Amino acid sequence: MPDLQTRRLGRTGLEVVAVGLGAMDTPHSPEATATVHAAIDGGINFIDTARDYAGSEYLLGQVIRERGGLDFHVATKTFARSADGAQRDVDRSLSILGVEAVDLYQLHDVSTLDAWERSIDEEHGALAGLRIAQVRGLVRYIGVSTHNLEVLRLIVESDAFDAVMVDYSAFAPEPVALIEAAHARDIGVIVMRPVGGSGRTSVMRGQLDRGEAGPLTPANLLRYVLSHPGVSVAIPGARYPSRVRENLDTLAGFAPMPAEEQRALEIAARAFDAL
Ligand SMILES: NC(=O)c1ccc[n+]([C@@H]2O[C@H](COP(=O)([O-])OP(=O)(O)OC[C@H]3O[C@@H](n4cnc5c(N)ncnc54)[C@H](OP(=O)(O)O)[C@@H]3O)[C@@H](O)[C@H]2O)c1
């Protein structure tokens, strides 16, 4: 196995291989379990799931049992905004995964100010629930995911989370400065949708197959994300082992992308979306 770059997931102190697996869509594949095993066998040690991803926690639970134990870091999430709801979800996740604790439990998609305010209510909010689960030893670290830049700024300024999950890519370069700010506060940064999401990548794969690909390829998109020093781990989604292997090959051959190439990729991404 080639040496794979690891990065520190902020204040959690976890050393994570810089390419993880986003297991949102993995269950929807005839090669679901093979994909997760290929990820772990290939060196990936960080896998993201959620209570809300149909079948995903069950899939990881099956893989954990097949492997005879947990040999990677699991991150999962709750859509609950209340303390009680979050604690119920932690209990469900642990029983489905078949583990005694998870490394990272995240508040899922806190993308409105209302969801943010409800989630951080000191007594009744979901964050308070996750803190209780943490004290009970069920959750090691607490994170949050958002698609909203204003909420992302509040998350970073609150300093209340060990890690934050952001949508960042050449298609969505806007969080760049807030990723730097999170990194400066030692908050781990997990990048969701690093290659632009399934709709775009299926078009890209068609272009690659026809020999029509320009600079906009999954490998270049992943290089773009990994080139930000504040990014701890990128979690491309995959339903097939071949994708996982390609993404690990990209990491194995990784060197930071020069700034001019990054700007060219952003321009290509805008042109792609304008078509
Ligand atoms: N917290 C949130 O609100 C939230 C929201 C969205 C996503 N996420 C997390 O982020 C993860 C990734 O997001 P995403 O799946 O939406 O977007 P993504 O990772 O940018 O794109 C996934 C798509 O890229 C394809 N792909 C991956 N590697 C490839 C390669 N080397 N060559 C060609 N195609 C490749 C996959 O194909 P196949 O599936 O066909 O293998 C899949 O269709 C999710 O699994 C989830 O964990 C979180």
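For every chain, the first residue of the written sequence is number 1, and numbering continues from 1 along that sequence. This being a predicted model, a pLDDT of at least 70 is required before a residue's local features are given, and a value of 80 or more before pairs of side-chain atoms are given or counted; all residues contribute to the totals for chains, interfaces and linings.

Draft legend 1. Geometry of helix α5 (residues 126-135). Here a residue counts as buried when 20 or more other C-beta atoms fall within 10 Å of its C-beta, as exposed when 12 or fewer do, and as partly exposed in between; the C-beta atoms come from the backbone. Runs of H or I in DSSP of at least four residues are treated as helices and runs of E of at least two as strands, each being numbered from the N terminus. The complete set of buried residues in α5 reads A126, L127, G129, L130 and A133. Seen from one end, α5 has its buried residues packed into an arc of 155 degrees, which puts them on one side. Residues are defined as contacting one another if the C-beta atoms placed from their backbone atoms lie within 7 Å. Residues of α5 that are buried sit in contact with β5 (73-78), α3 (83-97), β6 (102-107), α4 (113-119) and β7 (139-146). Trailing α5 by a residue or two, G137 shows a phi angle of about 80 degrees, which is positive. This arc is taken over the directions from the axis of the helix to the C-beta atoms.

Draft legend 2. Local environment of the nonpolar core. Counting residues in hydrophobic clusters, the biggest one holds 84 residues, and the most contacted among them are V164, V191 and A234. Not counting residues within four places of it along the chain, the set of residues in contact with V191 comprises V166, Y168, V225, V231, A234 and I235. For this entry, the nonpolar core is defined as buried Ala, Val, Leu, Ile, Met, Phe, Trp, Tyr and Cys residues connected by C-beta atoms within 7 Å.

Draft legend 3. Up close: the pairing of β7. Within β7, seven of the eight residues are buried, which leaves it mostly tucked inside the rest of the structure. Two elements, β6 and β7, share five bridges in a ladder whose sense is parallel. Across the sheet, the residue bridging to Y105 is I142, located in β7. Strands qualify as paired when DSSP identifies two bridges or more between them. Pairing of β7 with strand β8 (residues 163-167), which is carried by four bridges, proceeds in the parallel orientation. Each residue of the ladder has a partner; that of V144, found in β8, is V164.

Draft legend 4. Expanded view of the packing of helix α1 (residues 32-41) against helix α10 (residues 241-252). Axes here refer to lines fitted to C-alpha atoms; in helices the fit is confined to the stretch in contact. Angles between the N-to-C directions go from 0 to 180 degrees. Contact pair α1 / α10: the axes reach a minimum separation of 8 Å and the direction vectors enclose 20 degrees. One finds that α1 runs roughly parallel with respect to α10. Of the two elements, α1 crosses α10, and the hand of that crossing is right-handed. Residue-level contacts link A34, T35, A38 and A39 of α1 to P241, V244 and R245 of α10. Note on angle classes: values under 35 degrees are labelled roughly parallel, values over 145 roughly antiparallel, values of 65 to 115 roughly perpendicular, and the remainder oblique. The sense of a crossing depends on the near helix, which, turned anticlockwise from the far helix by less than a right angle, makes the crossing left-handed and, turned clockwise, makes it right-handed.

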